Amino acid sequence: MLAPKRVRYRKVQKGTLRGVAQRGNVVSFGDFGLQATEGGWITSRQIEAARIALTRYVKRTGKVWIRIFPDKPITKKPAETRMGKGKGPNEGDGCS
């Protein structure tokens, strides 16, 4: 799976998903591309599953470029934990 080698900060803020993409929304390499129908986070596991499905389908006849990278760490607090006491630990699977 994709993951950054090292990061400047272990935890990042969530941010917001607003509007339409300004960059990375045209096909720069090859002839075809996949486009998301709605906004949302995509995890490294999902990127890897898509890559495997694509490479199985095109076999040796095509080349696949993945232009997204899961550089945002996801944190999650344990179940039945009281409010406060800081942000939870990293879940391990990043998203983009």
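Residue positions are counted from 1 within each chain, in the order its sequence is given. It should be noted that, the model being predicted, local features are given only for residues of pLDDT at least 70 and side-chain atom pairs only at 80 or more, the latter also being counted only at that level, while totals for whole chains, interfaces and linings use all residues. Remark: hydrogens and water are excluded; side-chain values derive from all non-hydrogen atoms of the structure.

(A) Structural detail: the side chain of Ser44. Secondary structure follows DSSP: runs of H or I at least 4 residues long count as helices, runs of E at least 2 residues long count as strands, and numbering of each begins at the N terminus. Along the polypeptide, Ser44 turns up in helix α1 (residues 44–58). Once residues lying within four places of it in the same chain are set aside, the contact partners of Ser44 are Met1, Leu2, Pro70, Asp93 and Gly94. Should any heavy atoms of two residues lie within 4.5 Å, those residues are counted as being in contact.

(B) Local environment of unusual backbone geometry. Look at Glu80: it is not a glycine, yet its phi comes out positive at around 55 degrees. With respect to the helices and strands, Glu80 occurs in the segment after α1. Only protein chains enter the accessibility calculation, which uses a 1.4 Å probe. A residue is then buried if its area is under 20% of the maximum for its type, exposed if over 50%, and partly exposed in between. For Glu80, a relative accessible area of 85% gives the class exposed. Here Lys85, not a glycine, exhibits a phi torsion of approximately 65 degrees, which is positive. Here Lys85 falls in the exposed class, since its relative accessible area comes to 83%.

(C) Representation of the layout of surface pockets. A cavity here means a set of points on a 1 Å grid, drawn over the protein atoms and nothing else, where a 1.4 Å probe fits but cannot get out; a pocket is an open set with protein on both sides within 12 Å along at least five of seven lines, and a residue lines either one if it has an atom within 4 Å of a point. Grid points are joined across faces, edges and corners, and a volume is the space filled by probe spheres set on the points. Reported here for the largest pocket is a volume of approximately 1,900 Å³. The wall of the largest pocket is formed by 40 residues, among which Gly24, Leu34, Gln35, Ala36 and Ile68 lie closest to the centre. Of the voids in this model, the second largest pocket is the one considered here, and its volume is about 260 Å³. Residue classes follow a fixed rule: Ala, Val, Leu, Ile, Met, Phe, Trp, Tyr, Cys and Pro count as nonpolar, while Asp, Glu, Lys and Arg count as charged, and any other residue, Gly among them, counts as polar. In the lining of the second largest pocket, the residues fall into 8 nonpolar, 4 polar and 6 charged.

(D) Layout of the side chain of Lys72. Following the sequence through the fold, Lys72 ends up in the segment after α1. No salt bridge is formed by the buried Lys72; the nearest opposite charge belongs to Asp71, separated by 7.4 Å. Here Lys14 takes part through its backbone oxygen, which lies 2.6 Å from a polar atom of the side chain of Lys72. Apart from the residues within four sequence positions on either side, Lys72 is in contact with Val12, Gln13, Lys14, Gly15, Trp41, Gly94 and Cys95. Only four residue types enter the tally: Lys and Arg on the positive side, Asp and Glu on the negative side, with His and both chain ends excluded. A pairing counts as a salt bridge when a side-chain nitrogen of Lys or Arg comes within 4 Å of a carboxyl oxygen of Asp or Glu. Throughout this description, a polar contact denotes any pair of N or O atoms lying within 3.5 Å of each other; where both atoms belong to protein, one of them has to be capable of donating a hydrogen while the other can accept it, and for residues adjacent in sequence the pair is counted only when both atoms sit in side chains.

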